[in-house]
Amino acid sequence: MSKMMSKNKLKKHPVFNYDLCMACKECLAVCPLSCLVADKTDVDSYRKAYPRLGSYNECNGCSICAKDCPVNAITMVLPQTVKAA
Amino acid sequence: MKGYIGKVLLVDLSTGQFDPQEIDDTVYEQLLSGVGLGAYYLYNHIPAGADPMGPENILGFTSGLLTGTGSFMTGRWMAVCKSPLTGGWGDSNCGGNLALAIKQCGYDAIFFKGISEKPVYLYLDKNGPQLKDAGHLWGMDAIESELKLIEENSGKKIPSVAVIGPGGEKRSLIAGISNDLGRYAARSGVGAVMGSKRLKGVVLAGTKGIRGEQPDEIKKISQAYAKKIRKANWPKMIKGGFIPIMGKLMALPKKVGPMDGMLSAMLFKKYGSIVNNTMGVVNGDSPLKNWSGSVKDYHKKYYKKVNPELSIGRESQKYHCSSCIIGCGGICDISDIKNGEFKHTHKPEYETVCMFGGNIMNSDYDAIHYINELLNRGGLDSISVGSVVAFAIECYETGTLTRDETDGLELTWGNVDAVIELVKKIIAREGIGDLLADGVRVAAQKIGKGSEKFAVHAGGQELPAHDPKVDPMLGVVYCADPTPGRHTTSGGMYYRSSSLWEYVSWLPKFKKELKSDEFIPSDGEALKNKAMTAYKMLVDGSGACYYGMLTGEQNLQLFQYLNKVTGWDKSPDEYMDIGIRIQNMRQMFNAKHQVDMTKFRMSERAIGNPPIKNGPVKGLTLKIDEMIPLYYKAWGWDTTSGRPKNATVEELGLNTILTDSYFYE
């Protein structure tokens, strides 16, 4: 477990800018490891299900989600920054 | 990469063999992907006269050309086949996440022919296809089946799944195909074809990346579109109780003109299709009492109980299909209904609410949510089941069916408890349910005794919940489209919000004009209908969404998306030619299979024979027999039979991409 934690410290993870995100779920569809989930319903009054990173350990930091996001709402950051966000 | 893969997979269920096939670029350039690719493939590979439920029929799952390219509102897939319901071209469009999953497996479409000896499902990932045993899933409902298939096949990637329920397994002609736990490709009897092949499901777990030619340009279009949609919000202070007033106001003007598509976006973002629950009742759009009633029968005391706010109140979250930025769907909590038999259901669409609401004189909205989940699990089309239930009620009310014949069910208007039992019987094909499980046309043929007049359909397809006497263009496509009885092809309201006249050189500028002109058969109205239909074929070839289409071309920018994704430099006129080609291909399929398209004429009461006595459409009878030949003429089809003429087929170059001998004129 500690080995995995240290490995993950070296890898970036996606963080979402919900001012830009349109909840289109394109990121979920392209994630090869299914580590994103769309269940964040507290962003707007519509109760739209916005995406978030469901599993830090599953994510390998490939950044496909960030590259494919049509509105550039995803940035890749180090795990410490993710927790802070 | 031009957005498409250039490859399809053919699965022979009789032999268990897989045949990956290359598709030439010219096919995409002439017909796009999605419905166009489907029409091309099925036209060429299904022999004339094939039994829709036999091994020669081909069932296809097609993705859109724009799907997965970073374009918005382009995540729709289509099921295509020869329809057992109409005997001709069959297709059904669906959201969810399956479209992209098809492409991620390395194919634009997956086709199935033959019939498996035992129930099977297809599993497909980067290692290739496998047919797996589905014996343990046969008989299981669609939702449970999907969950089980996900559980059994989840590796690093959680798969996307399409399945049939018991309705499809029992080859009910009104069965559909489910994905994403209850989103349906419901029409044309596509689920019956899947059941006839003993194909329980399709499980897709590919991870292939999809790209367009100019990703930065695609992003620019998407970002501009997103900005507009983000700003399109329905005022919070205007609640659902105001919607009927809006409906009345909308019915008042004597003139109609271009509409701002962003109004639809606002309403769909908040409510989804159910915004029409009450609006449709007061403006005459909703069929009531099996198409024989009006708002005088289903008055405020009834319709206020299907106020869309009640369903919104049940939403635990909004639901978006892949690449959707509107989010018309919702997941509703129904754990308080019927002792918590089901926890959730997809928010029932307007069509379901109307067919199980006003059309059967029911206003118990909770019961409609429950029926919605019964049908999602059972695997049947809620429009067709609602229609056949209304038919059965009218048969019972008029003494055409006795209580013995309804298995003791008291099928009176609004008796929703009896309706729930009837729906269960239809899913299970038990007793009276077996009689009704193949739709209204078959049921009327079996019952006889004049019951045909209660069976509302066009060519065997039950009509949707939109009265063509409000929108005559709808009526024409109900009767003259290759898939009759469908509201998602073309209509006057769609045209008014499309802005197509700003892009297409052969369309006259559209300004305000008399609403009454729409009711006068004319070449001008037929041309609008042709243009809207051709554009919709582009939408379906791209994998785009009908609600995206309703925001108008100036917002969706489909022509630009297609150019940036493919790298082509086509004009709107050239794209419209593609749409015209697709529509001709669908119609040629019917001609090849010797379908008598004159039989697609919709039921008399939908036309207004006799006219409804009250409400917004009182006294109206559509001059449909004059409108249909004008529509055929606009397409270059024989004005009597509807068969595409030689000159039309050759002018469009369709004869150059057909590998089968073709049958037209």
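Structure first, text after, so check above.
Residues numbered from 1 in each chain as written. Chains lettered and ligands numbered in written order. Predicted model: local features only at pLDDT ≥ 70, side-chain atom pairs only at ≥ 80, totals over all residues. Heavy atoms only, no water.

A.B. asks: Please give an account of the interface of chain B and chain A that cites residues and values.
C.D. replies: With 38 residues of chain B at the interface, the matching set in chain A holds 28 residues. Both faces considered, chain B and chain A share a buried interface measuring about 2,500 Å² in area, 48% of it formed by carbon and sulfur atoms. If you sort the residues of chain B by the area they bury against chain A, Lys219, Arg230 and His320 of chain B come out on top, with a joint share of 21%. For the pair chain B and chain A, the interface holds one salt bridge. Put simply, Asp68 of chain A and Arg211 of chain B hold a salt bridge, and the shortest N to O gap is 3.3 Å. Run the count over chain B and chain A and you get 19 residue pairs in polar contact (both at pLDDT 80 or more). (Contact = heavy atoms within 4.5 Å. Buried area = accessible area lost by both parts, 1.4 Å probe. Salt bridge = Lys/Arg side-chain N within 4 Å of Asp/Glu carboxyl O. Polar contact = N/O pair within 3.5 Å; in protein donor to acceptor, adjacent residues only side chain to side chain.)

A.B. asks: An account of the sheet that holds strand S11 (residues 183-185) of chain B is requested, with residue identities and associated values reported.
C.D. replies: All names here are of chain B. Strand order in the open sheet made by the six strands is S8-S7-S12-S9-S10-S11, with mixed pairing throughout. A strand with exactly one partner marks an edge of an open sheet, and here the two such strands are strand S8 (128-133) and S11. Sheet twist, expressed as the average angle between the axes of neighbouring strands with direction ignored, equals 20°. Where strand S9 (residues 160-163) lies against strand S10 (residues 177-179), two bridges are found, and the strand directions are antiparallel. Directly across from Val163, in S10, lies its bridge partner Ser178. The sheet strands contacting helix H4 (residues 142-153) are strand S7 (120-125), S8, S9, S10, S11 and strand S12 (199-204), and the helix crosses S9 at an angle near 145°. (Pairing = 2+ DSSP bridges. Helix = DSSP H or I, 4+ residues; strand = E, 2+ residues; numbered from the N terminus. Axes fitted to C-alpha atoms, helices over the stretch in contact; angles between N-to-C directions.)

A.B. asks: Break down the side chain of Lys536 of chain B for me, citing the residues and quoting the values.
C.D. replies: Looking at the secondary structure, you find Lys536 of chain B in helix H21 (residues 523-542). In this structure Lys536 of chain B touches Thr488, Thr489, Tyr546 and Met549 of chain B, once residues within four positions along its chain are discounted.

A.B. asks: Would you mind going over unusual backbone geometry in detail, with residue names and values included?
C.D. replies: Look at the link from Asn609 of chain B to Pro610 of chain B: it is a cis peptide, with omega at 0°. Tracing the backbone through its elements, the reader meets Pro610 of chain B in the loop between helix H26 (604-607) and helix H27 (624-635). Within the chain, Ala23 of chain A stands out as a residue other than glycine whose phi angle is a positive 60°. Residue classification places Ala23 of chain A among the buried residues on the basis of a relative accessible area of 0%. (Buried < 20%, exposed > 50% of the residue type's maximum accessible area, 1.4 Å probe, protein only.)

A.B. asks: Talk me through the sheet that holds strand S5 (residues 89-94) of chain B; I want residue IDs and the actual numbers.
C.D. replies: Residues and elements named next belong to chain B. Taking strand neighbours across the sheet as the criterion, the six strands line up as S2-S1-S6-S3-S4-S5 in an open arrangement whose pairing is mixed. Of all the strands in the sheet, the pair left with one neighbour each is strand S2 (17-22) and S5. With direction set aside, neighbouring strand axes in the sheet form an average angle of 15°. Two elements, strand S4 (residues 77-82) and S5, share six bridges in a ladder whose sense is antiparallel. Counted as the bridge partner of Lys82 is Trp89 from S5.

A.B. asks: Account for the pattern of salt bridges, with residues named and values stated.
C.D. replies: Residues and elements named next belong to chain B. Scanning the entire structure with this criterion turns up 36 salt bridges over all chains. Across the pair Lys528 and Glu525 runs a salt bridge, and its minimum N-O distance is 2.9 Å. Residue Lys528 and its partner Glu525 are both found in helix H21; the two are separated by three residues, about one turn of the helix. We note a salt bridge from Arg601 to Glu604, for which the minimum N-O separation is 2.6 Å. Given the relative accessible area of 27%, Arg601 is considered partly exposed.

A.B. asks: Break down the pairing of S4 of chain B for me, with residues and values.
C.D. replies: All names here are of chain B. Burial of S4 is extensive: six of the six residues sit out of reach of the surface. The two faces of S4 match: Trp77, Ala79 and Cys81 on one face and Met78, Val80 and Lys82 on the other face are all buried. Here three bridges tie strand S3 (residues 59-62) to S4, and the two strands are oriented antiparallel to one another. Across the sheet, Thr62 pairs through a bridge with Met78, a residue of S4. Hairpin connection, S4 to S5: the antiparallel pair is bridged by six residues, and Gly87 has positive phi, about 80°.

A.B. asks: A description of the environment of Glu349 of chain B should follow, citing residues and the corresponding values.
C.D. replies: Residues and elements named next belong to chain B. Take Glu349: it is sitting in the loop between strand S16 (344-346) and helix H13 (350-355). The spatial distance from the C-alpha of Glu349 to the C-alpha of Asn276 is 9.5 Å, given a sequence separation of 73 residues. Setting aside anything within four residues of it in sequence, one finds Glu349 in contact with Arg183, Ser273 and Ile274. Within the structure, the side chain of Glu349 is placed 2.4 Å from the side chain of Ser273, a separation counted as a polar contact.

A.B. asks: Tell me about a positive patch on the surface, and please be specific about residues and values.
C.D. replies: Together, Lys248, Lys300, Lys301, Lys304 and Lys305 of chain B line one region of the surface with positive charge. Structurally, Lys301 of chain B can be placed in helix H11 (residues 300-303). (Patch = residues over 30% accessible without salt bridge, like charges linked within 9 Å, V, L, I, M, F, W, Y side chains within 5 Å. Areas by Shrake-Rupley, 256 points an atom, 1.4 Å probe, with all protein chains shown as cover. Lys, Arg positive; Asp, Glu negative; His and termini not counted. Charge placed at Lys NZ, Arg CZ, Asp CG, Glu CD.)

Geometric descriptors of this kind do not, in isolation, establish any biological role.
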